[in-house]
Amino acid sequence: MISVLKTFEDGSVVSYCKGRFDDWCVYYVSSDGKSHIAPKDTDYFDVIENLDLKYCNSIVYDFIYNILINVTDVVDNEILSYINLQSKKLYSDEFLEADKNITFIYV
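Before going into details, it helps to say that this report is about the structure given with it. Values in this document were obtained by computation on a predicted structure and should not be read as measured data.

1. Things to note about the overall build of the protein
Link 1 in the chain: Assigned secondary structure in the protein consists of 4 helices and 4 strands.
Link 2 in the chain: Secondary structure of the protein in N-to-C order comes out as β-β-β-β-α-α-α-α.
Link 3 in the chain: Its C-alpha atoms give the protein a radius of gyration of 13 Å, near enough to 13 Å, the size a compact globule of 107 residues would have.
Link 4 in the chain: Seen through its C-alpha atoms, the protein measures out along the principal axes to roughly 40 × 30 × 25 Å.
Link 5 in the chain: The buried share of the protein, reckoned over its 107 residues, is 36%.
Link 6 in the chain: When contacts within the protein are restricted to residue pairs at least 6 apart in sequence, long-range pairs at least 24 apart make up 46% of them.
Link 7 in the chain: Entry remark: accessible area of the protein is about 6,800 Å², with carbon and sulfur atoms responsible for 53%.
Link 8 in the chain: Once the 9 positive and 18 negative side-chain charges of the protein are each reduced to a mean point, those two points are 5 Å apart.

2. Observations concerning the nonpolar core
Link 1 in the chain: In this structure, Tyr-91 and Ile-102 are the most contacted members of the largest nonpolar core, which totals 23 residues.
Link 2 in the chain: Looking at this core, the elements with two or more residues in it are strand 3 (25-29), helix 1 (41-54), helix 2 (57-68), helix 3 (77-90) and helix 4 (95-106).
Link 3 in the chain: Per-element tally for this core: the top contributor is helix 4, with 5 residues.

3. Points about a negative patch on the surface
Link 1 in the chain: Together, Asp-41, Asp-43, Asp-46 and Glu-49 make up a region of like negative charge exposed at the surface.
Link 2 in the chain: Note that Glu-49 resides in helix 1.

4. Digging into the packing of aromatic side chains
Link 1 in the chain: According to the stated counting rule, one finds 8 aromatic pairs in the structure shown.
Link 2 in the chain: Clustering of aromatic rings is evident, with ring pairs tying together Tyr-28, Tyr-44, Phe-45 and Phe-104.

5. Structural notes on the environment of Asp-10
Link 1 in the chain: Residue placement: Asp-10 occurs in the loop between strand 1 (3-7) and strand 2 (13-17).
Link 2 in the chain: Of the residues examined, Asp-10 reaches a relative accessible area of 32% and is grouped as partly exposed.
Link 3 in the chain: In the structure, Asp-10 is positioned 45 residues away from Tyr-55 in sequence and 23 Å away in space, judged by C-alpha atoms.
Link 4 in the chain: When near neighbours in sequence (up to four residues on either side) are disregarded, Asp-10 contacts Tyr-28, Ser-31, Leu-96 and Lys-100.
Link 5 in the chain: Only 2.6 Å separates the side chain of Asp-10 from the side chain of Ser-12, close enough to count as a polar contact.
Link 6 in the chain: Only 2.7 Å separates the side chain of Asp-10 from the side chain of Lys-100, close enough to count as a polar contact.

Analysis parameters
Residues numbered from 1 in each chain as written. Predicted model: local features only at pLDDT ≥ 70, side-chain atom pairs only at ≥ 80, totals over all residues. Heavy atoms only, no water. Helix = DSSP H or I, 4+ residues; strand = E, 2+ residues; numbered from the N terminus. Rg over C-alpha atoms; globule rule 2.2 N^0.38 Å. Buried < 20%, exposed > 50% of the residue type's maximum accessible area, 1.4 Å probe, protein only. Contact = heavy atoms within 4.5 Å. Areas by Shrake-Rupley, 256 points an atom, 1.4 Å probe, with all protein chains shown as cover. Lys, Arg positive; Asp, Glu negative; His and termini not counted. Charge placed at Lys NZ, Arg CZ, Asp CG, Glu CD. Core = buried A, V, L, I, M, F, W, Y, C linked by side-chain atoms within 4.5 Å. Patch = residues over 30% accessible without salt bridge, like charges linked within 9 Å, V, L, I, M, F, W, Y side chains within 5 Å. Salt bridge = Lys/Arg side-chain N within 4 Å of Asp/Glu carboxyl O. Phe/Tyr/Trp six-rings, centres within 6.5 Å; stacked < 30°, edge-to-face > 60°. Polar contact = N/O pair within 3.5 Å; in protein donor to acceptor, adjacent residues only side chain to side chain.

Next up, the structure:
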């Protein structure tokens with residue numbers, strides 16, 4: 001069974017369900033529902049690297065660090081909201097890409 005973890009402002013979602021190898025596989029589902037992708041680590045870390053090049057790397061590092069120190073085995077909606085708000089604040093032009101990819105790192 002697919003569970004939605006977060007809906008982004010463009011209508012796309014991050015969801016999870018049982019994967020081929022374990023009980024937790026995270027998917028990106030496009031806003032039209034036609035595309036279901038399980039992103040690879042390199043996909044979202046490439047975006048983070050580009051943010052790091054454009055913005056001060058300590059901003060990117062501190063933001064992600066503050067999220068990861070709060071990781072537990074349960075996805076916290078407050079952290080998902082924090083990711084959205086901070087992405088808007090720190091990466092105004094790329095906030096949606098930042099929101100999506102930092103969410104993938106978190107979940």
